[in-house]
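Reading the structure
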Amino acid sequence: MSKATVLVSGASVAGPALAYWLHAYGFEVTVVERSPGLRPGGHAIDFTGEVHMTVLERMGVLADIERRQTGKTDWVMVDENGARRGLIPGDFIGGDVEILRGDLAEVLYGRTAGECEYLFGDTVTALTDTEHGVHVEFENAPARTFDLVIGCDGIHSRVRKLAFGAEKEFVQHEGYYYALAGGSHWENEPHWQRERARSLGCNAPGRLAMTGGSKASQFYLFASPELDYARDDLDAQRRIVAEKFAGMGWRVPSMLAELPDLDGFYLDAIAKVSMKNFVKGRVALVGDSAYGHTLAGFGTGLAVVGAYVLAGELALADGDHTVAFARYEQIMKRYIRKADDASPGRFLAPRTSLGVRLRNWFLGTRGFTLMVKYGDSAKNDIDLKNYPEIIAAQ
Ligand SMILES: Cc1cc2nc3c(=O)[nH]c(=O)nc-3n(C[C@H](O)[C@H](O)[C@H](O)COP(=O)(O)OP(=O)(O)OC[C@H]3O[C@@H](n4cnc5c(N)ncnc54)[C@H](O)[C@@H]3O)c2cc1C
């Protein structure tokens, strides 16, 4: 019997993780990625808790990730005169193991590149779900039919748009935007030199400017209603940041002066994906495309666990996607409940001076410690099956 074929859209975290497991269970996998190649560097992302570690260990990538980890970066919050006002500990920001997103993608890609087909610099343009498969049209590659199509293409997912509906139906703007520029301060450091360092962040009402961060060398977050801008016009987007941060003290004027010369600029809304269903017919979504929530906790862990569960359920159901998709959705809906609670924009950039003072005070209290613990417990709140063992025993 020929192997079931699966098209995975997106080669960042969820995509290669899913490709790894599907190939391990005997599926034939093609991954399509819009970028011309793997994107190096990027911001630091993290994994925390037993569940994340178990999945990484079962994939055989934990040691590789630990070797490339960045260390953890405390965020020191200062006022506009540079006086220290609070601290967000690196353990909260960086979890148990923190790594640059590009380094993680490279590790995951390395595990699958030999066995799975990768189509870089391409994207899906049309999907027709039929009884016998999904007919897929690409921008560049010839059209093909796959047994299943899985969208791992992030918060602005093309697969979600084609199979489930317009982005505005599922992605809620949370009243804040973030912008990154320059690589993480770890990016140019050899891995063995990535020692504990500090990022500095300064708030004005509704604004946060950070420098020297593990996320990027410059990181901005600001309150704003939805903005109308061209996604490919980076100069216009840099001007938006300059306007929003005009008049702010501290190091902001020199940061803004450097901004045009920094590469890796990226602006996006803080947004949350809410979907009643993230499986439909022969199409499913994994990671940020299905349950992304910018900066709110454990998106990377969700992506890796979601990939593990979906592939495991497909193998357990012997490829019967109707059974497997329903189980995957049920398991992940339960797991993502607590990931939905946070409001990262309001926490990181309160809208009033009083709000900023209260937030800084809160950082030093037991309430903050409890909040961190609650977040950590959510990351383990799943009854994780040992799919590889169960499947090997079948
Ligand atoms: C500034 C910032 C900091 C973060 N910090 C953390 C953190 O500390 N901890 C944490 O757990 N999470 C963090 N996250 C969230 C984390 O980055 C995501 O949850 C995680 O990357 C989700 O992985 P994904 O594979 O689902 O999607 P993404 O990483 O968004 O990847 C989507 C992939 O799909 C590709 N793609 C997009 N459109 C198409 C298309 N049309 N066709 C083909 N390919 C396409 C993209 O190029 C990309 O490679 C952070 C996010 C941001 C923005």
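All of the points below concern the structure found in this document.

**A short note on helix α2 (residues 49-59)**
Most of α2 is tucked away, with 8 of its 11 residues classed as buried. Buried within α2 are the following residues: Gly 49, Val 51, His 52, Met 53, Thr 54, Val 55, Leu 56 and Met 59. Positive backbone phi, at 75°, marks Gly 60, one or two positions downstream of α2.

**Considerations on the side chain of His 321**
For His 321, the position within the fold is in helix α11 (residues 321-336). Judged by relative accessible area, His 321 falls into the buried class, the value being 13%. Not counting residues up to four positions away in its chain, the partners in contact with His 321 are Leu 148, Gly 281, Arg 282, Leu 314 and Ala 326.

**Some thoughts on a positive patch on the surface**
A cluster of basic residues, Arg 34, Arg 39, Arg 158 and Lys 161, forms a positive patch on the protein surface. Inspection of the secondary structure assignment puts Lys 161 in helix α6 (residues 158-163).

**Points about the sheet that holds strand β8 (residues 124-130)**
Pairing is antiparallel across the open sheet formed by 3 strands, whose spatial order is β8-β9-β10. Because the sheet does not close on itself, it has two edges, and the strands there are β8 and β10 (144-146). Within the sheet, the average angular offset between the axes of one strand and its neighbour, ignoring direction, is 25°. Pairing analysis gives 6 bridges linking β8 to strand β9 (residues 133-138), with the strands arranged antiparallel. Opposite Asp 129, over in β9, you have Val 134 as the bridge partner.

**Comments concerning the sheet that holds strand β17 (residues 279-280)**
What the 6 strands build is an open sheet, ordered β7-β2-β1-β11-β18-β17; its pairing is mixed. The open sheet has two edge strands, β7 (117-120) and β17, and neither has a second partner.

**Considering the state of the cysteines**
Counted under the stated rule, the structure contains 0 disulfides. Sulfur of Cys 116: no disulfide; nearest cysteine sulfur belongs to Cys 152 and is 12 Å away.

**Comments concerning helix α10 (residues 299-316)**
Across its 18 residues, α10 extends 25 Å between first and last C-alpha, which sits within 8% of the 26 Å expected from 1.5 Å per residue. In terms of burial, α10 is a largely internal element, 16 of the 18 residues being buried. Phi turns positive, to about 55°, at Asp 318, one or two residues after α10.

What counts and how
- Residues numbered from 1 in each chain as written.
- Predicted model: local features only at pLDDT ≥ 70, side-chain atom pairs only at ≥ 80, totals over all residues.
- Heavy atoms only, no water.
- Buried < 20%, exposed > 50% of the residue type's maximum accessible area, 1.4 Å probe, protein only.
- Helix = DSSP H or I, 4+ residues; strand = E, 2+ residues; numbered from the N terminus.
- Contact = heavy atoms within 4.5 Å.
- Patch = residues over 30% accessible without salt bridge, like charges linked within 9 Å, V, L, I, M, F, W, Y side chains within 5 Å.
- Areas by Shrake-Rupley, 256 points an atom, 1.4 Å probe, with all protein chains shown as cover.
- Salt bridge = Lys/Arg side-chain N within 4 Å of Asp/Glu carboxyl O.
- Lys, Arg positive; Asp, Glu negative; His and termini not counted.
- Charge placed at Lys NZ, Arg CZ, Asp CG, Glu CD.
- Pairing = 2+ DSSP bridges.
- Axes fitted to C-alpha atoms, helices over the stretch in contact; angles between N-to-C directions.
- Disulfide = S-S within 2.5 Å.
- Expected span 1.5 Å × (residues − 1).

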